[in-house]
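Observations on chain architecture
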Amino acid sequence: MSAMKPDLGWYPPQFPEQGRWLVRLIFVAVAILLTGCDRPAKAESVSGGSGTIEAINHTHWAINHFSVDGQSGLDIIGPWQGGGGGCCYGVPATWTPGMTVKVDWETGVGYSMDFPGYEHWDKYLEWKKKIKAQNREHSQIVPVPDYTGQKTCGIKVHFLPCDQIKVTTSCYDYGNPNYPIKDPIRMEEPKVCPQ
């Protein structure tokens, strides 16, 4: 057993040469992520700031994934729930008439009550095939409401029955009296959707 000499100082451990690039990469990635959602609005306007991509699902279907203008909303959102949280989405500082966003999403079964378990692999594979067969891909160009003179906080997507979509850039939360979209969270799909 060797004794530590009192004149030796403590030095942090050194990473092996082959691991240093990974440490640097992680550091750079974290720095970029931390600065990505910090885009300030222009001084002359309260609009144009950055925020998250969130969603409210008003349907009995699950939203398996969604994106706005190609940026992922991250979460799977169950029936009649909210979610998302993809960073970062910022609208232009100035709203212009005719402004739109493209929303892509996949709907699927929002329950698993008939899940057979993994004990009988054949039954599981049959169930999985049945569930996957109900998935549907959707894409829609949606108008962005006028946000002139308002503070913006990313974008919130509302998935409505009949594959309809509404979006808002409001900083208020869904359910707040000042929130612009008033549709109830639990909406039933009509027997026939309007064309």
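Before reading on, note that the structure itself is shown above.
The notes below deal with the structure included here.

Topologically, Ser139 is positioned in strand E6 (residues 136–143). Each C-alpha atom, one on Ser139 and one on Val103, is 5.7 Å from the other, the two residues being 36 residues apart in sequence. A distance of 2.6 Å separates a polar atom in the side chain of Ser139 from a polar atom in the side chain of Asp104.

Here we come to the sheet that holds strand E7 (residues 155–160). As a general point, the strands of a sheet are linked pairwise by backbone hydrogen bonds and lie either parallel or antiparallel. Read across the sheet, 4 strands follow the order E4-E1-E7-E8 without closing on themselves; strand pairing throughout is mixed. One side of each edge strand has no neighbouring strand; the edge strands of this open sheet are strand E4 (82–90) and strand E8 (164–168). Going across the sheet, the axis of each strand differs from the next one's by a mean of 20°, ignoring polarity. Taken together, the 5 bridges between strand E1 (residues 50–57) and E7 define a ladder with parallel strand orientation. Bridge pairing in E7 links Glu54 to Lys156.

Across the sheet, 4 strands lie side by side as E3-E2-E5-E6; this open sheet has antiparallel pairing. Taken across any chain shown, the strands that pair with only one partner, and hence form the sheet edges, are strand E3 (71–72) and E6. Across 8 bridges, the pairing between strand E5 (residues 100–108) and E6 is antiparallel. Residue pairing in the sheet places Thr107 in a bridge with Arg136 of E6.

The next thing to look at is the layout of surface pockets. Approximately 180 Å³ is the volume found for the largest pocket. Together, 15 residues line the largest pocket, and Trp61, Thr107, His138, Asp163 and Glu189 are the ones closest to its centre. Contributions of two or more residues to the lining of the largest pocket are made by E5, E6 and E7. Tallied by class, residues from the lining of the largest pocket come to 7 nonpolar, 5 polar and 3 charged.

Here we come to the pattern of salt bridges. Oppositely charged side chains are able to pair whenever their charged atoms sit close together. In this structure the tally under the stated criterion is 3 salt bridges. Here Lys166 ties to Asp183 by a salt bridge, and the two come within 2.8 Å at their closest N and O atoms. Taken as a pair, Lys166 in strand E8 and Asp183 in the segment after E8 lie far apart in primary sequence, 17 residues in all. The partly exposed category is assigned to Lys166, whose relative accessible area is 35%. Taking relative accessible area as the criterion, Asp183 reaches 17% and is therefore assigned buried.

Turning to the environment of Pro97, a few remarks are in order. Take Pro97: it is sitting in the loop between E4 and E5. The exposed category is assigned to Pro97, whose relative accessible area is 69%. Along the primary structure Pro97 and Pro145 are separated by 48 residues, whereas in three dimensions their C-alpha atoms are 8.9 Å apart.

Let us now look at the pairing of E5. For strand E2 (residues 62–68) and E5, the ladder comprises 6 bridges, and the chain directions are antiparallel. Paired with Ile63 across the bridge in E5 is Thr107.

Backbone torsion omega between Cys87 and Cys88 reads 0°, so that peptide bond is classified as cis. Phi is positive for Asp69, close to 50°, though the residue is something other than glycine. On the basis of relative accessibility, which here comes to 41%, the residue Asp69 falls in the partly exposed class. Its identity as a non-glycine residue notwithstanding, Asp163 has a phi of 60°, on the positive side. Inspection of the secondary structure assignment puts Asp163 in the loop between E7 and E8.

Conventions and cut-offs
- Residues numbered from 1 in each chain as written.
- Predicted model: local features only at pLDDT ≥ 70, side-chain atom pairs only at ≥ 80, totals over all residues.
- Heavy atoms only, no water.
- Helix = DSSP H or I, 4+ residues; strand = E, 2+ residues; numbered from the N terminus.
- Polar contact = N/O pair within 3.5 Å; in protein donor to acceptor, adjacent residues only side chain to side chain.
- Pairing = 2+ DSSP bridges.
- Axes fitted to C-alpha atoms, helices over the stretch in contact; angles between N-to-C directions.
- 1 Å grid on protein atoms, 1.4 Å probe; cavity = no way out; pocket = protein on both sides within 12 Å on 5 of 7 lines; lining within 4 Å.
- Points joined across faces, edges and corners; volume = space filled by probe spheres on them.
- Nonpolar A, V, L, I, M, F, W, Y, C, P; charged D, E, K, R; others polar.
- Salt bridge = Lys/Arg side-chain N within 4 Å of Asp/Glu carboxyl O.
- Buried < 20%, exposed > 50% of the residue type's maximum accessible area, 1.4 Å probe, protein only.

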